[in-house]
Amino acid sequence: MQKIRDFILGFKSFQDIYFCREGSPFQELRSGQAPSTLVVACCDSRTDPSLIMQCEPGDIFVVRNIANIVPPYEPDPGRHGVSAALEYAVLSLEVQDIIILGHSSCGGIRALLDGSARDGEFVGPWISILDSARNQVLKNFDPSDEKAATALEMAGVLTSMENLLTFPWLAERVTQGKLTIHGWYFDMACGQLFSYLPQTRSFEPLAPRCPPRKDMVDVT
Ligand SMILES: [Zn+2]
């Protein structure tokens, strides 16, 4: 309960900052949103994209799931939460950028590597979207090797970037130059944010403090 009390106190200060003071952003935002960017992030409690990127309300449209995965385009009657968020962000909000935000120490990726989620009802089938990336990584690393986790976290970002392009209306906007896809990786061990550069096929630091990560595995 202590934490719940803290959250209510937190909301009170949010009220003061964002609603009560003159010129608060919600004076404008209460009539609608126009975020420029969609972020696909993990559910992990340490990887809140608004906090990491110090965003203001209204800046980013966010969909979070286990291991920050974008599934492939599957236009069947299934209940596709991530695909629905993509559709709304791209076709209604017309975002100009999509960021896939991977991260270090991802429990979902760890479960995929060691097979521990296989017996679950929902996590296993969900993360199996990255099975082919997992198989690629395991050609180079032992599953217990920490480098395997890092490589699969990064390979998962690339798989999701590729899956985005299987949505025809999304791919069309990328081809038209109206939409750009970014693959980012938050390393919480060194407090760094990396971006995938296709030219070097590596993740390079966006706010240089650490050396480039060369240990990702190509899944193309
Ligand atoms: Zn995660």
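Reading the values: the criteria
- Residues numbered from 1 in each chain as written.
- Predicted model: local features only at pLDDT ≥ 70, side-chain atom pairs only at ≥ 80, totals over all residues.
- Heavy atoms only, no water.
- Salt bridge = Lys/Arg side-chain N within 4 Å of Asp/Glu carboxyl O.
- Helix = DSSP H or I, 4+ residues; strand = E, 2+ residues; numbered from the N terminus.
- Buried < 20%, exposed > 50% of the residue type's maximum accessible area, 1.4 Å probe, protein only.
- Donors = N, O, S within 2.8 Å, 3.2 Å for Na, K, Ca; no water.
- Core = buried A, V, L, I, M, F, W, Y, C linked by side-chain atoms within 4.5 Å.
- Contact = heavy atoms within 4.5 Å.
- UniProt positions renumbered as here; feature names shortened; annotations may be inferred.
- 1 Å grid on protein atoms, 1.4 Å probe; cavity = no way out; pocket = protein on both sides within 12 Å on 5 of 7 lines; lining within 4 Å.
- Pairing = 2+ DSSP bridges.
- Axes fitted to C-alpha atoms, helices over the stretch in contact; angles between N-to-C directions.

Draft legend 1. Molecular detail of the pattern of salt bridges. Across all of its chains, the model carries 3 salt bridges by this definition. Aspartate 44 is paired through a salt bridge with arginine 46; the nearest N and O atoms lie 2.7 Å apart. Of the charged contacts in the structure, one is a salt bridge between arginine 110 and glutamate 146, with a shortest N-O distance of 3.6 Å. With arginine 110 in helix H5 (residues 107-114) and glutamate 146 in helix H8 (residues 146-164), this residue pair connects regions lying 36 residues apart in the sequence. A relative accessible area of 26% places arginine 110 in the partly exposed class.

Draft legend 2. Representation of the coordination of the zinc ion. Protein coordination at the zinc ion comes from Cys42 (SG), His103 (NE2) and Cys106 (SG), with a distance range of 2.0 to 2.3 Å. Counting along the primary sequence, the residues that act as donors to the zinc ion give the motif C-x60-H-x2-C. Here histidine 103 and cysteine 106 have matching classes, each one buried.

Draft legend 3. Quick peek at the nonpolar core. With 28 residues, the main nonpolar core has Leu38, Leu86, Ile98, Ile100, Leu164, Leu170 and Phe203 as its most contacted residues. Listing elements by their share of this core, those giving two or more residues are strand S1 (37-42), strand S2 (60-65), helix H4 (81-92), strand S3 (97-103), H8, helix H9 (168-175), strand S4 (180-187) and strand S5 (192-197). Those residues within four positions of leucine 38 in sequence are excluded, and the remaining contacts are Phe61, Val63, Leu86, Ala89, Val95, Asp97, Ile98 and Ile99. If you look at the next biggest cluster of nonpolar residues, it comprises 19 residues, including Cys106, Leu112, Leu130 and Ala133.

Draft legend 4. Spatial organisation of the UniProt feature "binding site: Zn(2+)" (unreviewed entry) in the protein. The UniProt entry lists Cys42, Asp44, His103 and Cys106 under the feature "binding site: Zn(2+)" (unreviewed entry), expressed in the numbering used here. A maximum C-alpha distance of 9.0 Å among these annotated residues, which run over 65 residues, shows that they cluster at one spot. Of the annotated positions mentioned, His103 and Cys106 line the largest cavity. Apart from the residues lying within four places of it in its own chain, the contact partners of histidine 103 are Cys42, Asp44, Arg46, Thr47, Asn68, Glu153, Tyr185, Phe186 and Met188. Mapped onto the secondary structure, cysteine 106 falls in the loop between S3 and H5. Once residues within four sequence positions are removed from consideration, cysteine 106 is found in contact with Cys42, Ala67 and Glu153.

Draft legend 5. Here's a closer look at the sheet that holds S1. Judged by pairing direction, the sheet is mixed, and its 6 strands sit side by side in the order S2-S1-S3-S4-S5-S6 without closing on themselves. In this open sheet, the two edge strands, each paired with only one partner strand, are S2 and strand S6 (202-205). Each strand axis lies, on average, 30 degrees off the axis of its neighbour in the sheet, ignoring direction. Relative to S2, S1 runs parallel, the two being bridged by 6 bridges. Among the inter-strand pairings, valine 40 is bridged to a residue of S2, identified as valine 63.

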